[in-house]
Amino acid sequence: MTAVPAPGIRVLVVEDDPVAADAHALYAGRVAGFTVVGVAHSRAAAVRLLERTGVDLILLDLYLPDGHGLHLLRSLRAAGHHADVIAVTSARDLAVVREGVSLGVVQYVLKPFTFATLRDRLVRYAEFRAAAGEASGQEEVDRALAALRTPQPAALPKGLSAPTLAAVTRTLRASGTGLTATEAGAAVGISRITARRYLEHLVTSGRAERNPQYGQVGRPELQYRWMPSTPGGGYITDR
């Protein structure tokens, strides 16, 4: 199969929580090649929007105020809508996952998640969608389908552990105004130097920011704060 240039992929966000919906739309709009054409907060609103707007991909929450997301998807298929679907949900029932796959759900993104997680799924979907032509054999078919598969999570930098990162993450998220490495270390029960390594990792991965804290004698100490662009602090895993 060959990769062919494709027009922008039109995305519909279906999510009942306005804050989460705005976040999903913001995230999708930041990925090259994707254009958000609408946001719906209910099953009925999604149907109305689809009646007047062309959509290639739906980011679909499964828990909607007027019906389950898969019920919406089933009705769309019956009506002849062929848009692909990425389920963006907290649903972990594997029976629901299997039913979603049978209805055309190509990816699942479990809440909470980072921008990087959604970006990875969208980029993989775009690669899958771009495959065109006739496969020369099984290998090319497998390669096209592999684009939708997710690799194992990247390992943490040497010396960092997932449980400690989760503890530092929770502490920073709960701080509101931010923390210094000294404060974070005291809260988690680790040294200032160790805390700073974890805080710097969060900065490097785009999940926190640092600024000098002035007003004290001597050199200003760095203060770390959860990134405001992570809506409600709810779109990051604790890994």
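The following paragraphs examine the structure supplied in this document. (Residues numbered from 1 in each chain as written. Predicted model: local features only at pLDDT ≥ 70, side-chain atom pairs only at ≥ 80, totals over all residues. Heavy atoms only, no water.)

## Structural notes on the overall build of the protein
What counts here: In this text, helices come from DSSP runs of H or I with a minimum length of four residues, and strands from runs of E with a minimum of two, each type numbered from the N-terminal end. Whether a residue is buried, partly exposed or exposed follows from its accessible area with a 1.4 Å probe, protein chains only, as a fraction of its type maximum: under 20%, in between, or over 50%, in that order. Between two residues, a contact is recorded if the distance between any of their heavy atoms is within 4.5 Å. Only the protein chains shown count as cover for residues, and all accessible areas are computed by the Shrake-Rupley method using a 1.4 Å probe.
Per the secondary structure count, the protein includes nine helices and 12 strands. Relative to its full complement of 239 residues, the protein shows a buried share of 40%. Taking all contacts inside the protein whose residues are at least 6 apart in sequence as the whole, residues at least 24 apart take part in 64%. Carbon and sulfur atoms make up 55% of the accessible area of the protein, which amounts to about 12500 Å² in all.

## Things to note about the pattern of salt bridges
Note the following rule: For this analysis, a salt bridge means a side-chain nitrogen from Lys or Arg found within 4 Å of a carboxyl oxygen belonging to Asp or Glu.
Taken as a whole and judged by the stated rule, the model has eight salt bridges. Across the salt bridge formed by Arg-210 and Glu-200, the nearest N and O atoms sit 2.7 Å from each other. You can see Arg-210 sitting in strand E11 (residues 208-213) and its partner Glu-200 sitting in helix H9 (residues 192-204), a full 10 residues away along the chain. Among the charged side chains, a network of salt bridges with common partners joins Glu-15, Asp-61 and Lys-111.

## Looking at the side chain of Glu-15
What counts here: Counting of polar contacts relies on pairs of N or O atoms within 3.5 Å, with two restrictions inside protein: one atom must be capable of donating a hydrogen and the other of accepting it, and residues adjacent in sequence are counted only when both atoms are side-chain atoms.
With respect to the helices, strands and loops of the structure, Glu-15 is situated in the loop between strand E2 (9-14) and helix H1 (18-29). For Glu-15, a relative accessible area of 2% corresponds to the buried category. Reaching out from Glu-15, the side chain makes a polar contact with the backbone nitrogen of Asp-17 at a distance of 3.0 Å. Excluding residues that lie within four positions of it along the chain, Glu-15 makes contacts with Ala-20, Ala-21, His-24, Ala-40, His-41, Asp-61, Val-88 and Lys-111.

## Section: the packing of helix H7 (residues 162-175) against H9
This is how the line gets drawn: In this analysis, axes come from line fits to C-alpha atoms, helices being fitted only over the stretch in contact, and the angle between any two N-to-C directions falls in the range 0 to 180 degrees. Every angle not falling under 35 degrees, over 145, or within 65 to 115 is termed oblique; those three ranges are roughly parallel, roughly antiparallel and roughly perpendicular. Residues are grouped as follows: Ala, Val, Leu, Ile, Met, Phe, Trp, Tyr, Cys and Pro are nonpolar; Asp, Glu, Lys and Arg are charged; all remaining types, including Gly, are polar.
Interhelical geometry of H7 versus H9 gives an angle of 75° and a closest axis separation of 10 Å. With respect to H9, the element H7 is oriented roughly perpendicular. Between H7 and H9, the contacting residues are Thr-164, Leu-165, Val-168, Thr-169 and Leu-172 on the first element and Tyr-198, Leu-199, His-201 and Leu-202 on the second. Classifying every residue of the contact of H7 with H9 gives six nonpolar, three polar and no charged.

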